[in-house]
Amino acid sequence: MRRLAAAMSLVLCASPAFAAMQTKPVEWKVGDDSYSGVLVYDDVNKIKRPGLVMVPNWMGVTDDAIKQAKNIAGDDYVVLVADVYGKSVRPKDKTEAKAAVGKVYADGGTSLRKRVGEAVAALKAQDKTAPLDASKIGALGFCFGGSAALELARTGANLAGVVSFHGGLKSHLPSNGVKVNTPLLVLNGAADKSVPQEDIVAFEKEMNEAGADWQFVNYSGAVHCFSQIEDADNPVGDNCRYDERAAKRSFAAMRAFFAERFGAK
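These numbers were taken from a predicted model, which means no experiment stands behind them.

A. Up close: the environment of Ile 47. Along the polypeptide, Ile 47 turns up in the loop between strand S2 (33-42) and strand S3 (49-55). For Ile 47, a relative accessible area of 57% translates into the label exposed.

What follows is the structure in structure tokens.
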């Protein structure tokens, strides 16, 4: 019995059940400015896996954003929750968040594109300390973060794929003939008042002219923020409200898209 107990103890100690989701601070520079994000991955094993830069909604790097990153990462991905405001900028409410977004777009989007691009570089640099395959990188974002992810694609970046959850579609900079090399999946609430039909038509035209491989999905009845469970208690009629059906379908679509793009079998 003692031998059996000892054997069972060894098995349990070696079991993957003891693996844990890791959250580690990551800092990088854009010019003289410092940025601070959070790296998320499951240390179930050391097998290299694809990486995703996740740009959160306009509240930035928060506990809710990190929780969402954990759900996305699972044991499939290494996720960097990206800071695009700056290390010292952490909005406390919607008013501060709106001001932070305004500052990011103050130069028409040039700074935003550079900041998201540097977040990609910061993620790739983690391949020595995290189970990351730096040759397989994608990006995604939510609300403002979805817009940021699309801006990254508009730079001509070569990533495996980009996913936008209820992000704005307008480009703040002229394309100047830049080709969109990264395949796109745009997940949109069909009832989102912040994304009018003319924006959708203009986006499709822009992407076709840029030679993009794009998919656009509309979820009936869903408004802005439909994937953000923290907005579930917002009043009915609010244009920022969680929608369980659209959330489940959109996350399934995201997973299928990245599985295809990263060559999962």
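Don't stop here, the text continues.
B. Inspection of the pattern of salt bridges at higher detail. Following the criterion strictly, the structure yields eight salt bridges and no others. The residue Glu 151 makes a salt bridge to Arg 154 at a minimum N-O spacing of 2.7 Å. Of the two residues, Glu 151 and Arg 154 are both situated in helix H5 (residues 144-154); the distance of three residues between them amounts to about one turn of the helix. Like Glu 151, the residue Arg 154 is buried in the burial classification. Each of Arg 113, Glu 151, Arg 154 and Glu 206 takes part in one network of salt bridges that share partners.

C. Looking closely at the pairing of strand S4 (residues 78-81). Burial along S4 is two-sided: Val 78 and Leu 80 facing one way and Val 79 and Val 81 facing the other are all buried. Bridge analysis of S2 against S4 gives three bridges, and the strand direction is antiparallel. Bridging from a neighbouring strand, Val 40 pairs with Val 79 of S4. Direction of pairing for S3 relative to S4: parallel, over a ladder of four bridges. When the bridges of S4 are listed, Gly 51 appears paired with Val 78. Chirality of the crossover, the property in question, places the unit of S3, helix H2 (residues 63-73) and S4 among those that are right-handed.

D. Just the sheet that holds strand S7 (residues 184-189), in detail. Strand order in the open sheet made by the eight strands is S1-S2-S4-S3-S5-S6-S7-S8, with mixed pairing throughout. Each edge of the open sheet is held by one strand with a lone partner, namely strand S1 (21-30) and strand S8 (214-219). Pairs of neighbouring strands in the sheet enclose a mean axial angle of 20°, with direction left out of account. Relative to S7, strand S6 (residues 162-165) runs parallel, the two sharing four bridges. Note that in S7 the partner of Phe 165 across the bridge is Leu 187. The strands touched by helix H4 (residues 110-124) are S1, S2, S3, S4 and strand S5 (132-142); relative to S1, the strand with the most contacts, the crossing angle is about 130°.

E. Geometry of the packing of H2 against helix H7 (residues 244-261). It is at 12 Å that the axes of H2 and H7 come closest, and there the two elements cross at 50°. Between H2 and H7, the crossing angle belongs to the class labelled oblique. Together, Gln 68, Asn 71 and Ile 72 of H2 and Phe 251, Met 254 and Arg 255 of H7 make up the contact between the two elements. In terms of residue class, the contact of H2 with H7 is made up of three nonpolar, two polar and one charged.

F. Quick look at the confidence of the model for the chain. With 92% of its residues at a pLDDT of 70 or more, the chain has an overall mean of 92. Long-range and interchain partners of residues 1-17, a stretch whose pLDDT sits below 50, account for three contacts in this model, where long-range means more than four residues apart.

G. Region of interest: the state of the cysteines. Under the counting rule described, the total for this entry stands at one disulfide. A sulfur-sulfur distance of 2.0 Å marks the disulfide that ties Cys 225 to Cys 240. Disulfide Cys 225-Cys 240: torsion about the S-S bond near -105°, hence left-handed. Of this pair, Cys 225 sits in the loop between S8 and H7 while Cys 240 sits in the loop between S8 and H7, and the two are 15 residues apart along the sequence. On the accessibility criterion, Cys 225 (3% relative accessible area) is buried.

Conventions we followed
Residues numbered from 1 in each chain as written. Predicted model: local features only at pLDDT ≥ 70, side-chain atom pairs only at ≥ 80, totals over all residues. Heavy atoms only, no water. Helix = DSSP H or I, 4+ residues; strand = E, 2+ residues; numbered from the N terminus. Buried < 20%, exposed > 50% of the residue type's maximum accessible area, 1.4 Å probe, protein only. Salt bridge = Lys/Arg side-chain N within 4 Å of Asp/Glu carboxyl O. Pairing = 2+ DSSP bridges. Right-handed = clockwise from strand over helix to strand, strands pointing away. Axes fitted to C-alpha atoms, helices over the stretch in contact; angles between N-to-C directions. Contact = heavy atoms within 4.5 Å. Parallel < 35°, antiparallel > 145°, perpendicular 65-115°, else oblique. Nonpolar A, V, L, I, M, F, W, Y, C, P; charged D, E, K, R; others polar. pLDDT = per-residue confidence, 0-100. Disulfide = S-S within 2.5 Å.

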